[in-house]
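Working through the structure, step by step
Listed below are the residues making up each chain.
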Amino acid sequence: MTALATVSSHLLDLLAEARSAEAALRQIDQIRRVIAGPGIFSIQLNVTTARDPGNEVRLQRFYSSAAARWPVNGAKRKLLTPWTQTIFVRGEPFVGEGAEALAEAFDDYEQMQPLGIDAAVNVPLMSDNLCYATFNVFGTRGKWQPHEVLGVRLLALAAMRWVRPVPELMYRFDGFDSN
């Protein structure tokens, strides 16, 4: 077993002892740093309901490793883009590499760029066919290695225990309905 696998395995074992979402997600963030290096980790809850306009998703930050800059409970609205189609329509992870790809995907990339952020892995947390949250890792590496992407995706699975869908969650895009 490699040193990375040993450290990650030990940290995941410690995760079982967490008594709150905050404690568990701090532990997951430690593992994320081992797997992906410097960067930012966040989870965005999908808080969209049937009362919200179609062709958009409303997100609310549930966890942030950089809460001073991106506070918990901060909110944003996402329209139908290739990123939202990947995450919310197809339920697939998004892997972005390079400043150009991130600027295309994230309307707030201007705030990330001064921190050296130039890579992202966003994993949809799914309940049936509904994306109820996004697990987001932003890095300073420019390009991800396959084992790093796999590690982030596995951390997203570990986080699902601590992140629950909001009641009345429902969103729709032209040609797609989350029900």
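Let us look at the structure shown here. (Residues numbered from 1 in each chain as written. Predicted model: local features only at pLDDT ≥ 70, side-chain atom pairs only at ≥ 80, totals over all residues. Heavy atoms only, no water.)

Considerations on the packing of helix H2 (residues 21-36) against helix H6 (residues 146-159)
Quick reminder of the rule: Between N-to-C directions, angles cover 0 to 180 degrees, with each direction set by a line fitted to C-alpha atoms, over the stretch in contact for helices. In this description a helix means any DSSP run of H or I spanning at least four residues, a strand means any run of E spanning at least two, and both kinds are numbered starting from the N terminus. Throughout, the term roughly parallel applies to angles under 35 degrees, roughly antiparallel to angles over 145, roughly perpendicular to angles from 65 to 115, and oblique to all others. We call two residues contacting when some pair of their heavy atoms lies within 4.5 Å. Residue polarity follows a fixed list, in which Ala, Val, Leu, Ile, Met, Phe, Trp, Tyr, Cys and Pro are nonpolar, Asp, Glu, Lys and Arg are charged, and the others, Gly among them, are polar.
Contact pair H2 / H6: the axes reach a minimum separation of 10 Å and the direction vectors enclose 175°. Compared by their axis directions, H2 and H6 come out roughly antiparallel. Within the contact between the two elements, H2 uses Leu25, Ile28, Ile31, Arg32 and Ile35 and H6 uses Glu148, Gly151, Val152, Leu155, Ala158 and Ala159. In terms of residue class, the contact of H2 with H6 is made up of eight nonpolar, one polar and two charged.

Some details on unusual backbone geometry
In this structure, asparagine 55 is a non-glycine residue whose phi angle is positive, near 60°. As for its placement among the helices and strands, asparagine 55 is situated in the loop between strand S1 (39-46) and strand S2 (56-64). Phi at glutamate 168 is positive, roughly 65°, even though this residue is not glycine. With respect to the helices and strands, glutamate 168 occurs in the loop between H6 and strand S7 (172-173).

A few points about the pattern of salt bridges
If charged atoms from side chains of opposite charge come close, those side chains can pair. Basically, it comes down to this: The salt bridge criterion pairs a side-chain nitrogen of Lys or Arg with a carboxyl oxygen of Asp or Glu, the two atoms within 4 Å. With a 1.4 Å probe rolled over the protein chains alone, any residue whose accessible area is under 20% of its type maximum counts as buried; one over 50% counts as exposed, and the rest are partly exposed.
Tallied over the entire structure, the rule returns twelve salt bridges. Between arginine 51 and glutamate 168 there is a salt bridge, with its nearest N and O atoms 2.8 Å apart. With arginine 51 in the loop between S1 and S2 and glutamate 168 in the loop between H6 and S7, this pair connects stretches of sequence that are 117 residues apart. Here the two residues arginine 51 and glutamate 168 agree in accessibility, since each one is exposed. Of the charged contacts in the structure, one is a salt bridge between arginine 141 and glutamate 148, with a shortest N-O distance of 2.7 Å. Of the residues examined, arginine 141 reaches a relative accessible area of 29% and is grouped as partly exposed. Accessibility expressed as a relative area gives 6% for glutamate 148, which makes it buried. When salt bridges with common partners are traced through the structure, they connect Asp52, Glu56, Arg58 and Arg77 into a single cluster.

A short note on empty space enclosed by the protein
Over the atoms, a rolling probe the size of a water molecule traces out where space has been left empty. So the rule is basically this: Here a cavity means grid points, on a 1 Å grid over the protein atoms only, where a 1.4 Å probe fits yet cannot get out; a pocket means an open set of points with protein on both sides within 12 Å along at least five of seven lines; lining residues are those with an atom within 4 Å of a point. Grid points are joined across faces, edges and corners, and a volume is the space filled by probe spheres set on the points.
Applying the stated criterion across every chain, the model contains one cavity of 30 Å³ or more. Taken as a whole, the largest cavity holds about 180 Å³ of empty space. Along its surface, the largest cavity is lined by 16 residues, and Ser42, Gln44, Lys76, Asp108 and Phe138 are the ones closest to its centre. Put simply, the parts of the chain that give the lining of the largest cavity at least two residues each are S1, S2, strand S3 (75-79) and strand S6 (130-139).

Some thoughts on the packing of aromatic side chains
Convention followed: Pairing of aromatic rings covers Phe, Tyr and Trp, the last through its six-membered ring, and needs centres within 6.5 Å; plane angles under 30 degrees mean stacked, over 60 mean edge-to-face, and all others mean tilted.
If you walk through the whole model with that rule in mind, you get six aromatic pairs. Ring centres of phenylalanine 41 and phenylalanine 135 lie 4.8 Å apart, and the angle between their planes is 50°; on these two criteria the pair is classed as tilted. Highlighted residues: phenylalanine 41 in strand S1 and phenylalanine 135 in strand S6, separated in sequence by 94 residues. Assessed through its relative accessible area of 0%, phenylalanine 41 is described here as buried. According to the relative accessible area criterion, phenylalanine 135 is buried, its value standing at 0%. Relative to phenylalanine 106, the ring of phenylalanine 94 has its centre 6.0 Å away and its plane inclined at 90°; by these criteria the two rings are edge-to-face.

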